[in-house]
Amino acid sequence: CAGCLALAGDNTRVGLFLGLGLIAIGSGGIKPCVASNVGDQFGSANQHLVSRAFGWFYFAVNFGSFFSIYLTPILLSKYGPKLAFGVPAALMFLATFIFWWGRYKFVHIPAVGLGKYVDEFVSGGGFKTLLKLVPIYLFVACFWSLYDQSGSAWVEQANKMNLDFMGITWLESQVQAINPLLILCYIPLFTYLVYPAINKVFPLTPIRKIGMGLFLIAGSFLIVKWIEGEIQAGHRVSVYYQILAYLVLTAAEILVSMVGLEFAYKQAPLRMKSFVMALYLLSISAGNATTAVVNEKMVRELPGASVTAGAETWVQLPPGTAFIAGQKVDFGGDTGITVVRDGAEAQPL
């Protein structure tokens, strides 16, 4: 709540870092515990409902995401950050109050203390469980390193596309709203049609679901790669093609993310549920960190060159250097690139 208020109240880099920092700390407390809390509501008599419960939990998450991703850019462009981030802050306060109000309606699993937790880890099978989960988490980290680019690199790509869709010209940051909307459609579709149909051919275990999702997300990036190639060639590509990539990406999310949450909960020892969920969520951080490192390494500095700008713009590069399509290029900093305008002195580009 405080993070949302910081974003709404301070439209500077300080407010941005303070707001995102507080949200990150809050999420670190909420996310591993809220998923465990969902599973803790079920005992031996109704364990068969856990999968369906996690499905509805994921449905609720994406129901909120759709409206947030669709409406926040509109509020931001029309009314500024105070309203765009103030509305989520108000809704978060309301949700917190409702959660507090219903606190006695939940099943509570008491905290066991550090001693019993260590016993569970050493002699209760906790360490062996983690060793089995680590290889899966590494693959899941690869999934998130790709998936979260849909909220960054794909948005930048959409900015260079024809954004007319269903008679509406969308903002580039709104296109990603198709993802949570598809989740709402895919959850019942996969639960009641896709999974039963595949189970008739071969048993569909959680590990097989995750494996299928990894192949699917690779397929979505093949579509995005083709789009980028068309853009680099100077073509104006319709946003319909990126929506096709979202269709594949979201199917991968259903198979990896949603299944992974439930799988991590079920595999965790009784006193290590939240801890194992936290490690699962740490794979998201690892994936994002990988993407950040790769993005940094993609930037190639060009040696000093001169640029003449006017009716036409000419860039003179030293011999042996060239632009590479799709690679990020540093035109500033210490590269010594200068621009000359109308006979004036050369200035840094």
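Here, the structure is the one placed above.
(A) Local environment of the overall build of the chain. Assigned secondary structure in the chain consists of 11 helices and eight strands. Counting all 349 residues of the chain, 35% fall into the buried class. A sequence separation of at least 24 residues applies to 70% of the contacts in the chain between residues at least 6 apart. For the chain, the accessible area works out to roughly 20,500 Å², and carbon and sulfur atoms hold 68% of it.

(B) Here's a closer look at the side chain of Glu253. Topologically, Glu253 is positioned in helix α10 (residues 240-267). There is no salt bridge for the buried Glu253, and the closest opposite charge comes from Lys31, which lies 10 Å off by N-O distance. Engagement of the side chain of Glu253 in a polar contact is seen with the side chain of Tyr147, the distance being 2.9 Å. Here Asn179 takes part through its side chain, which lies 3.0 Å from a polar atom of the side chain of Glu253. Discounting residues that sit within four places of it in the chain, Glu253 has contacts with Tyr58, Asn62, Phe143, Tyr147, Asn179, Ile183 and Met258.

(C) Representation of the state of the cysteines. Counted according to the given criterion, the structure contains zero disulfides. Its sulfur unpaired, Cys1 is 6.8 Å from the next cysteine sulfur, which belongs to Cys4.

(D) Main features of the nonpolar core. Formed by 62 residues in total, the largest nonpolar core has its most connected members in Ile254, Leu261, Val276 and Tyr280. When near neighbours in sequence (up to four residues on either side) are disregarded, Leu261 contacts Ala35, Phe54, Phe57, Tyr58, Met277 and Tyr280.

(E) Fine view of unusual backbone geometry. Phi is positive for Met166, which is not a glycine, with a value near 55°. Of note, Met166 is situated in the loop between β1 (164-165) and β2 (168-169). For Met166, a relative accessible area of 63% puts it in the exposed group.

(F) View of the pattern of salt bridges. Summed over the entire model, instances satisfying the criterion amount to one salt bridge. The partner of Lys160 in a salt bridge is Glu228, with the nearest N and O atoms 3.5 Å apart. Here Lys160, found in the loop between α7 (153-158) and β1, pairs with Glu228, found in helix α9 (residues 206-232); they are 68 residues apart in sequence, far enough to count as distant.

(G) Structural detail: the side chain of Gln176. Following the sequence through the fold, Gln176 ends up in the loop between β2 and α8 (178-199). If we ignore the near neighbours within four places in the chain, the residues touching Gln176 are Ile69, Ser150, Gly151, Val155 and Tyr246.

(H) Structural view of the packing of aromatic side chains. A complete count under the given rule lists 19 aromatic pairs for this structure. With 4.9 Å between their ring centres and 75° between their planes, Trp154 and Tyr246 make a pair best called edge-to-face. With Trp154 in helix α7 and Tyr246 in helix α10, this residue pair connects regions lying 92 residues apart in the sequence. Of the two residues examined, Trp154 and Tyr246, each falls in the buried class. Site record: aromatic cluster; members linked through ring pairs are Phe63, Phe66, Phe67, Tyr70, Phe165, Trp170 and Tyr240. One cation-aromatic arrangement involves Lys209 over Tyr195; the distance from NZ or CZ to the ring centre is 3.9 Å.

Criteria and thresholds
- Residues numbered from 1 in each chain as written.
- Predicted model: local features only at pLDDT ≥ 70, side-chain atom pairs only at ≥ 80, totals over all residues.
- Heavy atoms only, no water.
- Helix = DSSP H or I, 4+ residues; strand = E, 2+ residues; numbered from the N terminus.
- Buried < 20%, exposed > 50% of the residue type's maximum accessible area, 1.4 Å probe, protein only.
- Contact = heavy atoms within 4.5 Å.
- Areas by Shrake-Rupley, 256 points an atom, 1.4 Å probe, with all protein chains shown as cover.
- Lys, Arg positive; Asp, Glu negative; His and termini not counted.
- Salt bridge = Lys/Arg side-chain N within 4 Å of Asp/Glu carboxyl O.
- Polar contact = N/O pair within 3.5 Å; in protein donor to acceptor, adjacent residues only side chain to side chain.
- Disulfide = S-S within 2.5 Å.
- Core = buried A, V, L, I, M, F, W, Y, C linked by side-chain atoms within 4.5 Å.
- Phe/Tyr/Trp six-rings, centres within 6.5 Å; stacked < 30°, edge-to-face > 60°.
- Lys NZ or Arg CZ within 6 Å of the ring centre and 35° of its normal.

By themselves these figures say nothing about function.
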